[in-house]
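Read off the chains here:
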Amino acid sequence: MRYFGHATVLIEAEGTTILTDPFISVSPEVADRNRLTFRDLPARIDYVLITHGHHDHFVFESLLRLRHRIGTLVVPRNTGIYYGDLSLKQLAQRLGFKQVVEMDALDSISLAGGRMTAIPFLGEHCDLLHAKLGYVVRFGDEQILFAADSCCLDKYLYANIRKTLGPITTAFIGMECIGAPLSWIYSPLLPVKSEREHDQSRRSHANGADSALELLQTVGANTAYVYALGREPWLKYFMALEPTDDDPYMVEIRKFVVAAQTHGIDAQMLYGKQDLFCGDKAHLRYVKGTGGGL
Ligand SMILES: [Fe+2]
Ligand SMILES: [Fe+2]
């Protein structure tokens, strides 16, 4: 696996290439060895998995540049009922994607030597959207969870996933535990101006330290990567963030990493770029990142 920043992970296994939530940096004017760009992607990407329609996960700029390289674009199915619950399939088709597959929770796609299964994505959307999914990618005995910005609102969901799919070995989880207020993205879609109380109580947040640990222990993961934090410099104008090490979610991440390691889970925060090995090649795992290893 190769981490490209934010929620973008390239998986290459058994001759299949999968890319999650592509948000790819363009080549900077001044060469930057701390980032991967479009040039570092393979010529052919068999599957792109989209977790949800937020602007940092369904990124038009990256998708359009990759369209000719992508075999199948996998998106979560919407309901068409709730405010802002847009059809990502229709959006993708209007962007020129010919092969778009909508998935519901527990739908799966067979791969040579493996399988991809969609799982429910809890939280993070102010209770408005349904077009959101996590994915479990299995190759051999290795099961890798991509949870994006979901939150462990109820551990029994993950207990049932484990019962259905077997233990997850590696989990990519989001820990932006503060999140944007309801009105930040959804205000133009609401029929009335949201009250401050609702604005704050329905923030779009992911896991804090406790819920992240609960999720990992419930699915049985022995390796955890905290990702999708929006801290890479090329995301600056998308995320409206000025990251510092004192950000409240960074405090939670540090707390989580220590707690996870106490429970025998190898946990770290990803940043910039990194190559990751798992399964039979786990002993080859090495760090090439620009700031991981928290
Ligand atoms: Fe999100
Ligand atoms: Fe996000």
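Refer to the structure printed above.
These figures come from a predicted structure and were not determined experimentally. (Residues numbered from 1 in each chain as written. Chains lettered and ligands numbered in written order. Predicted model: local features only at pLDDT ≥ 70, side-chain atom pairs only at ≥ 80, totals over all residues. Heavy atoms only, no water.)

Asker: Summarise the coordination of the iron ion (ligand 1); cite the residues concerned and give the values.
Answerer: As a benchmark, a tetrahedral metal site with four donors has ideal angles of 109.5 degrees, while an octahedral site with six donors has ideal angles of 90 or 180 degrees. Bound to the iron ion (ligand 1) are the protein donor atoms His52 (NE2), His54 (ND1), Glu124 (OE), Glu124 (OE) and Asp149 (OD), situated 2.1 to 2.7 Å from the metal. Positions of the donor residues of the iron ion (ligand 1), expressed as sequence spacing, correspond to H-x1-H-x69-E-x24-D. Between the iron ion (ligand 1) and the iron ion (ligand 2), the interatomic distance is 3.4 Å, and Asp149 donates to each metal, bridging them. One end of the pair, Glu124, is in the loop between β8 (114-120) and β9 (133-139); the other, Asp149, is in the loop between β10 (142-146) and α3 (155-165), and 25 residues separate them in sequence. (Donors = N, O, S within 2.8 Å, 3.2 Å for Na, K, Ca; no water. Helix = DSSP H or I, 4+ residues; strand = E, 2+ residues; numbered from the N terminus.)

Asker: Pulling in residues and values, what's your account of the packing of aromatic side chains?
Answerer: Using the criterion set out here, one finds 5 aromatic pairs in the structure. Put simply, the rings of Phe146, Phe172, Tyr225 and Tyr227 pair up and form one aromatic cluster. Between the NZ or CZ atom of Arg65 and the centre of the ring of Phe38, over which it lies, the distance is 4.0 Å. (Phe/Tyr/Trp six-rings, centres within 6.5 Å; stacked < 30°, edge-to-face > 60°. Lys NZ or Arg CZ within 6 Å of the ring centre and 35° of its normal.)

Asker: Account for the coordination of the iron ion (ligand 2), with residues named and values stated.
Answerer: Around the iron ion (ligand 2), the donor atoms from the protein are Asp56 (OD), His57 (NE2) and Asp149 (OD), and they sit 2.1 to 2.4 Å away. Ordering the donors of the iron ion (ligand 2) by residue number gives the pattern D-H-x91-D. By relative accessible area, Asp56 is classed as buried at 6%. (Buried < 20%, exposed > 50% of the residue type's maximum accessible area, 1.4 Å probe, protein only.)

Asker: Explain the sheet that holds strand β1 (residues 2-5) to me, using residue names and the numbers behind them.
Answerer: What the 7 strands build is an open sheet, ordered β6-β5-β4-β3-β2-β1-β14; its pairing is mixed. What marks the edges here is a single partner per strand, and that holds for β6 (100-103) and β14 (274-275). Where strand β5 (residues 70-76) and β6 come together, 4 bridges link them in parallel fashion. Its bridge partner being in β6, Pro76 is matched across the sheet by Met103. (Pairing = 2+ DSSP bridges.)

Asker: For the packing of α3 against helix α6 (residues 209-219), give the residues involved together with the corresponding values.
Answerer: Direction vectors running N to C along α3 and α6 enclose 25 degrees, while the axes themselves pass 8 Å from each other. The orientation of α3 with respect to α6, classified from their angle, is roughly parallel. For the pair α3 and α6, the sense of crossing is right-handed. Touching Lys155, Tyr158, Ala159 and Arg162 of α3 are Glu214, Leu215, Gln217, Thr218 and Val219, all from α6. By residue class, the composition of the contact of α3 with α6 is 4 nonpolar, 2 polar and 3 charged. (Axes fitted to C-alpha atoms, helices over the stretch in contact; angles between N-to-C directions. Parallel < 35°, antiparallel > 145°, perpendicular 65-115°, else oblique. Left-handed = near helix turned anticlockwise from the far one by under 90°. Contact = heavy atoms within 4.5 Å. Nonpolar A, V, L, I, M, F, W, Y, C, P; charged D, E, K, R; others polar.)

Asker: Give a detailed account of the sheet that holds strand β12 (residues 223-227), specifying residues and quantitative values.
Answerer: If you walk across this open sheet you meet the 7 strands as β7-β8-β9-β10-β11-β12-β13, and the pairing is mixed. Two strands bound the open sheet, and with one partner strand each, they are β7 (108-111) and β13 (266-269). Pairwise comparison of adjacent strand axes, ignoring direction, gives a mean angle of 15 degrees for this sheet. Pairing between β10 and strand β11 (residues 170-174): 3 bridges, direction parallel. Paired with Ile144 across the strands is Thr170, a residue of β11. α3 rests against β8, β9 and β10 of the sheet, and its axis sits at about 160 degrees to β8.

Keep in mind these values describe shape, not function.
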